[in-house]
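# Descriptive analysis of the structure
The chain contents come next:
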Amino acid sequence: MSTLLIKNGTIVTATDLYKGDVFVEGERISAIGTALTMPADRTIDAAGKYVLPGGIDVHTHLDMPFGGTTSADDFESGTIAAAHGGTTTIVDFAIQYRGQTLHHAWDTWMKKAEGKAAIDYGFHMIITELSDQVEQEMDALVTQGVTSFKLFMAYPGVFMLDDASIFRALLRTGQNGGTICMHAENGGVIDVLVKKALAEGKTAPKYHALTRPARAEAEATHRAIALAEMAGVPIYIVHLSAAEALEMVTEARDRGLPAYAETCPQYLFLSYDNYEEPGFDGAKYVMSPPLRARDTQDRLWRGLAFNDLQAISTDHCPFCMKEQKAIGEGDFSKIPNGAPGIETRMSLVYDGGVRTGRLSLNRFVELTSTSPAKIFGLFPRKGTIAPGSDADIVVFDPNRTQRLSARTLHMKVDYNPYEGREVTGVTDTVISRGRVIVDGERFTGRAGAGSFLKRSPR
Ligand SMILES: [Zn+2]
């Protein structure tokens, strides 16, 4: 069994902060202490650096078909980019297309990941059609480790489910211990606004945002929480972007309801103003929900600090400007929805959250690793630094600076939404189940070394 000793670092978990050494045997952490002296195959000196649990990104779309094209990162390039950014676990989305079984969808996505993923991965299941048979399949999937299901209140005719189906799925998770994740936007309203804008000749990228009002997100968030309340089950709102939607989550949590929500770095660092960039450049930021008014950012940071938001994920779904985003030149509704982010999450949140004093170091770890691990059935195997936990560890240099650029990042996409932005706080060494997979700036892991994670029900 190979051994690894990480010495002299500052170990940070969601609750602790102390100087210590971490000893890894095989794939697991076996001891934590001070001045550990056991012999090891490799010793890493982490003096002056943080030793963090590997990042967990519970919202990615690798190798995903959308609008006549496919997201630019597959499970190989996407997970290698994730590793460079300090993320050692992802939960991606398998999609049930209408007429298909959930197991067919799961098989399809397992094949996309097998032999390619360089870090561990799990799947949420997107349900687009809910028959009696599909409800039974939900139970089976929960026992097989696919314990969460994503439903859409948007994209009528493609992904959207009606309230009755959503309510039935919620009730089912009350029996099988699964968790419903919701894309909360009022798809009917948005469709009408999109058609109206196009009829008026409004075709530029910014109309993507102007046809998806914050209130459409708030209404759907409120409705999703109300449906979950009536079903007596928890709910998790994905990629919350609007302050109005956050108010709905906060109000529910104040009433003691198990309502959870994540936000994403793009909503913390970018804003509607980006859609006003010249020419077709606004297309870089076409995603759903869209970027919001700049003053939303402070509200979201406050939500993160005070636990009205419990996780930061990326919704990584990259499309190149050339040939992919370009499909929507002349019609914003045809621009593939999504942007890259899997590699930049940890540094952005550290730089913009911890260094500014908005988040404590512990809260940073909690939002990027521990809390998503707990919500999605991976804790304590993942999400912390403790004896017995997987040795998914990031040695993080809080003083090193990096300039974010599509030219130097590893995501396979021809632009970066944060191009030129300088961040302080950069991943140094990344360890996945005991193996060093990023060493300085070099990838030393292997495509296919990642394992499927069988997650636990609630
Ligand atoms: Zn998504």
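Our structure is the block above this text.
In what follows, the accompanying structure is described. Nothing here was measured: the structure is a model prediction, and the numbers come from that model.

## Regarding the overall build of the chain
- Counting its secondary structure elements, the chain contains 12 helices and 19 strands.
- Computed over the C-alpha atoms, the radius of gyration of the chain is 21 Å, within 12% of the 23 Å expected from 2.2 N^0.38 for a compact globule of 458 residues.
- When the backbone C-alpha atoms are referred to their principal axes, the chain occupies close to 70 × 50 × 45 Å.
- When each of the 458 residues of the chain is scored for burial, the buried share is 64%.
- The contacts in the chain between residues at least 6 apart in sequence include a share of 76% that link residues at least 24 apart.
- Here the chain displays about 16,300 Å² of accessible surface, and carbon together with sulfur accounts for 50% of that area.
- If you average the places of the 48 positive and of the 56 negative side-chain charges in the chain, the two averages end up 1 Å apart.

## Examining unusual backbone geometry
- Omega for the peptide link from serine 288 to proline 289 comes to -5°, which places this bond in the cis form.
- A cis amide bond, omega 5°, links phenylalanine 379 with the succeeding residue proline 380.
- The phi angle at aspartate 63 is positive, at roughly 50°, despite the residue not being glycine.
- Positionally, aspartate 63 belongs in the loop between β6 (55-60) and β7 (65-66).
- Residue glutamate 323 is not a glycine yet carries a positive backbone phi of 70°.
- Mapped onto the elements, glutamate 323 comes out in the loop between β15 (311-312) and α11 (345-354).
- For glutamate 323, a relative accessible area of 64% gives the class exposed.

## Section: the coordination of the zinc ion
- Around the zinc ion, the protein contributes the donor atoms His59 (NE2), His61 (NE2) and Asp315 (OD), which lie 2.1 to 2.2 Å from the metal centre.
- We note that the donor set of the zinc ion lies within a single chain, spaced as H-x1-H-x253-D. Of this pair, histidine 59 sits in strand β6 while aspartate 315 sits in the loop between β15 and α11; the two residues are 256 residues apart in sequence, bridging distant segments of the chain. One exposure class covers both histidine 59 and aspartate 315, and it is buried.

## Some words on the packing of helix α8 (residues 243-254) against helix α10 (residues 296-305)
- Relative to each other, α8 and α10 sit at 25°, their axes nearing to 9 Å. Viewed along their axes, α8 and α10 adopt a mutual orientation that is roughly parallel. In this structure, α8 crosses over α10, and the sense of that crossing is left-handed. Residues Ala243, Leu246 and Glu247 of α8 form the contact with α10, whose participating residues are Thr296, Arg299, Leu300 and Gly303.
- Class assignment for the residues of the contact of α8 with α10 results in 3 nonpolar, 2 polar and 2 charged.

## Re the side chain of asparagine 176
- Within the secondary structure, asparagine 176 sits in helix α4 (residues 163-176).
- Among the residues examined, asparagine 176 registers a relative accessible area of 13% and is labelled buried.
- Within the structure, asparagine 176 has its side chain in polar contact with the side chain of aspartate 139 (distance 2.9 Å).
- At 2.8 Å, the side chain of asparagine 176 and the backbone nitrogen of glycine 178 are in polar contact.
- Excluding residues within four positions of it along the chain, asparagine 176 makes contact with Met138, Asp139, Val142 and Pro457.

## Re the side chain of arginine 292
- The residue arginine 292 is located in the loop between α9 (265-269) and α10 in this model.
- Under the relative-accessibility criterion, arginine 292 is labelled buried at 10%.
- Looking at arginine 292, its side chain comes within polar contact range of the side chain of glutamate 217, at 2.9 Å.
- Contact partners of arginine 292, with chain neighbours within four places excluded, come to Glu185, Arg212, Pro213, Ala214, Glu217, Ser241, Ala242, Ser271 and Tyr272.

## Considerations on the pattern of salt bridges
- The tally for this structure, following the rule as stated, stands at 37 salt bridges.
- Between lysine 116 and aspartate 74 there is a salt bridge, with the nearest N and O atoms lying 3.0 Å from each other. Taken together, the positions of lysine 116 in the loop between α2 (102-113) and β10 (120-126) and aspartate 74 in the loop between β8 (69-70) and α1 (75-84) put the pair 42 residues apart, joining distant regions of the chain.
- Taking the relative accessible area as the measure of exposure, aspartate 74 reaches 17% and is therefore buried.
- One network of salt bridges, with partners in common, ties together Glu27, Arg28, Asp120, Arg381, Lys382, Asp390, Asp392 and Arg433.

## What about the sheet that holds strand β11 (residues 148-152)?
- Strands sit in the order β6-β9-β10-β11-β12-β13-β14-β15 across an open sheet of 8 strands; the sheet is parallel. The strands lining the two open edges of the sheet, one partner per strand, are β6 and β15.
- Strands β9 (87-95) and β10 of the sheet are contacted by α1, whose axis makes an angle of about 145° with β9.
- Against the sheet, helix α7 (residues 214-231) engages β12 (179-183), β13 (235-237) and β14 (259-263), with an angle of about 170° to β13.

## Comments concerning α8
- Over its 12 residues, α8 extends 16 Å from the first C-alpha to the last, a length consistent with the 16 Å expected when each residue adds 1.5 Å.
- Considered for burial, the residues of α8 that qualify are Ala243, Ala245, Leu246, Met248, Val249, Thr250 and Ala252.
- Summarising the contacts, the buried residues of α8 are in contact with α7, β13, β14 and α10.
- The positive-phi residue at the C-terminal boundary of α8 is glycine 256, with phi of around 90°.

## Overview of the environment of asparagine 399
- For asparagine 399, the position within the fold is in strand β16 (residues 393-403).
- Taking relative accessible area as the criterion, asparagine 399 reaches 61% and is therefore assigned exposed.

Reading guide: rules and limits
- Residues numbered from 1 in each chain as written.
- Predicted model: local features only at pLDDT ≥ 70, side-chain atom pairs only at ≥ 80, totals over all residues.
- Heavy atoms only, no water.
- Helix = DSSP H or I, 4+ residues; strand = E, 2+ residues; numbered from the N terminus.
- Rg over C-alpha atoms; globule rule 2.2 N^0.38 Å.
- Buried < 20%, exposed > 50% of the residue type's maximum accessible area, 1.4 Å probe, protein only.
- Contact = heavy atoms within 4.5 Å.
- Areas by Shrake-Rupley, 256 points an atom, 1.4 Å probe, with all protein chains shown as cover.
- Lys, Arg positive; Asp, Glu negative; His and termini not counted.
- Charge placed at Lys NZ, Arg CZ, Asp CG, Glu CD.
- Donors = N, O, S within 2.8 Å, 3.2 Å for Na, K, Ca; no water.
- Axes fitted to C-alpha atoms, helices over the stretch in contact; angles between N-to-C directions.
- Parallel < 35°, antiparallel > 145°, perpendicular 65-115°, else oblique.
- Left-handed = near helix turned anticlockwise from the far one by under 90°.
- Nonpolar A, V, L, I, M, F, W, Y, C, P; charged D, E, K, R; others polar.
- Polar contact = N/O pair within 3.5 Å; in protein donor to acceptor, adjacent residues only side chain to side chain.
- Salt bridge = Lys/Arg side-chain N within 4 Å of Asp/Glu carboxyl O.
- Pairing = 2+ DSSP bridges.
- Expected span 1.5 Å × (residues − 1).

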